[in-house]
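Analysis of the macromolecular model
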Amino acid sequence: MKHLDIAKFGGTSVASFNAMSSCVKVVTANPHTRLVVVSACAGVTNILVELASGALNREEVMDRIAKLRAIHQEITAHLPDKEACDAHIEEHLTDVRNLAAEAAMERSDELTDRIVSHGELMSSFLITEVFKYAGFKARCFDVRNVMRTDSAFGCAKPLLEVLGTLTRQQLLPLLDGEEIVVTQGFIGSNTEGMTTTLGRGGSDYTAALLGEACDAETISIWTDVPGVYTTDPRLVPHARPIAELSYLEAAEMATFGAKILHPSTLVPAVRRNIPVFVGSSKEPEKGGTWVRPDTATHPAFRAVALRRNQTLIVLASPKMVGASGFLARVFSIFAKYSKSVDLVSTSEVSIAVTLDAGSNTSGLNSISEDMLSELREFCHVRVEDKLSLVAIIGNDLAKTAGVTAKCFDAIEKYAVRMICYGASSHNLCFLLNEADAVPALAELHQHLLEQ
Ligand code: ADP
Ligand code: ASP
Ligand code: MG
């Protein structure tokens, strides 16, 4: 299909009837937009995660179900076939309640994914109805027919080959029809047909994976801000929108905490050279950011980002002096527990690493006691939390004189727990106490990006 655009709308973009109506305007303004990927309505996934935790009592469960009903009924209230739509939502809520009762007996990641998938299933159903009410032909497609993943519930990995084949067989032909096709972000299914999810914020990744499979011309990520900014505008009011970003810069930003893009979003886009647009569904006229293979300018400082909930593990062993194999042993244990290491720093007798606290749907702390005791068998282990990572993203950082001085000057007031610099010419990272992170981010923004 020629000139296909895939439009993804996040939680706030589908939070209410009015928000959904703005999405309809955005989609129908571009004749190339044939596929729409939606997140759950704002707040819904968090409530579903609570219900899946098994930690709520009966009253709390009923309270959460009532909240879910209210969110979705605000939308059905505007639809001509309100009763039928309410009945459809009620079926989902009954299923959620039954599954939550199962979770109260014994929670599991598999059950959690089944519960949270209802968020996207409900929002996709409702926005399809909003399209029809606005006079457009639309249909809702269950993405689990094509989004094949492994069985890592909570943070499943797509099985690219089969996902590509299924998408081209079942989804692509629909895009040539008259109807706008709406589907769910975030959710998938394993080869046994069990529901999985791609990790929190995963709808961006769904859009990019489907874009790759359909060979789309563009992928549009519509959210609640008009583009990618020099930092999170909610944290630093002076943040400015960036008109153009390279894949590399955007990927670094997403990896280091810019929540606007799920960290894996750029991976499929890069494989197929698909430009990604980021804009506001409420204010599309404000324009946005184009993320492309490369940009005309390569400023040393492009953006700063914040990633919270970092865990630092310091492993010390006097036997490390002059010995070989210590690091291999440490990393094989991290690999065994599927822990992704972000920052690494070594001294003669110790190594410090930060671990990704994880973004799966379970919301559980990912540092397992079993892993720590395996490490304790051959070294002294110290775990520190309440830390945040502040990253400076730019170009040729390691080749430009004065870069480090500027960065250190900006945060001279704060204690720096760890520094990472040199592996990539595109970032410089500081690990700081959680309480210092936002003020340090603001100082860095002011010194590096507001001059
Ligand atoms: P959606 O529900 O549409 O996926 P998200 O909440 O996941 O939206 O992402 C949008 C939010 O990302 C913004 O509201 C903003 O607070 C945050 N954000 C973090 N870093 C940036 C950045 N560099 N530029 C813009 N927004 C950012
Ligand atoms: N609804 C999911 C979440 O809240 C996925 C997404 O919004 O992208 O994490
Ligand atoms: Mg998001």
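See the structure shown above.
Residues numbered from 1 in each chain as written. Chains lettered and ligands numbered in written order. Predicted model: local features only at pLDDT ≥ 70, side-chain atom pairs only at ≥ 80, totals over all residues. Heavy atoms only, no water.

What follows deals with the sheet that holds strand E13 (residues 350-355). On the basis of which strands lie adjacent, the open sheet formed by six strands has the order E12-E13-E11-E14-E16-E15 and antiparallel pairing. On the outer flanks of this sheet lie strand E12 (341-346) and strand E15 (416-421), each paired with one strand and no other. For this sheet, the mean angle separating the axes of adjacent strands, direction not counted, is 30°. Here E12 runs beside E13; their pairing, made up of four bridges, is antiparallel. Bridging across to E13, Val-341 finds its partner in Leu-355. Packing against the sheet, helix H12 (residues 403-410) makes contact with strand E11 (301-316), strand E14 (380-394), E15 and strand E16 (427-433), and its axis sits at approximately 20° to E16. On the sheet, helix H13 (residues 434-449) packs against E11, E14 and E16 and is oriented at approximately 145° with respect to E11. (Pairing = 2+ DSSP bridges. Helix = DSSP H or I, 4+ residues; strand = E, 2+ residues; numbered from the N terminus. Axes fitted to C-alpha atoms, helices over the stretch in contact; angles between N-to-C directions. Contact = heavy atoms within 4.5 Å.)

In this section: the packing of aromatic side chains. To describe a pair of aromatic rings, one takes the distance between the centres and the angle between the planes. All chains considered together, the criterion is met by six aromatic pairs. Each ring, one from Phe-326 and one from Phe-378, has its centre 5.8 Å from the other, and the planes form 75°; the classification is edge-to-face. Here Phe-326, found in helix H10 (residues 326-336), pairs with Phe-378, found in the loop between helix H11 (369-376) and E14; they are 52 residues apart in sequence, far enough to count as distant. The class for Phe-378 is buried, based on a relative accessible area of 11%. (Phe/Tyr/Trp six-rings, centres within 6.5 Å; stacked < 30°, edge-to-face > 60°. Buried < 20%, exposed > 50% of the residue type's maximum accessible area, 1.4 Å probe, protein only.)

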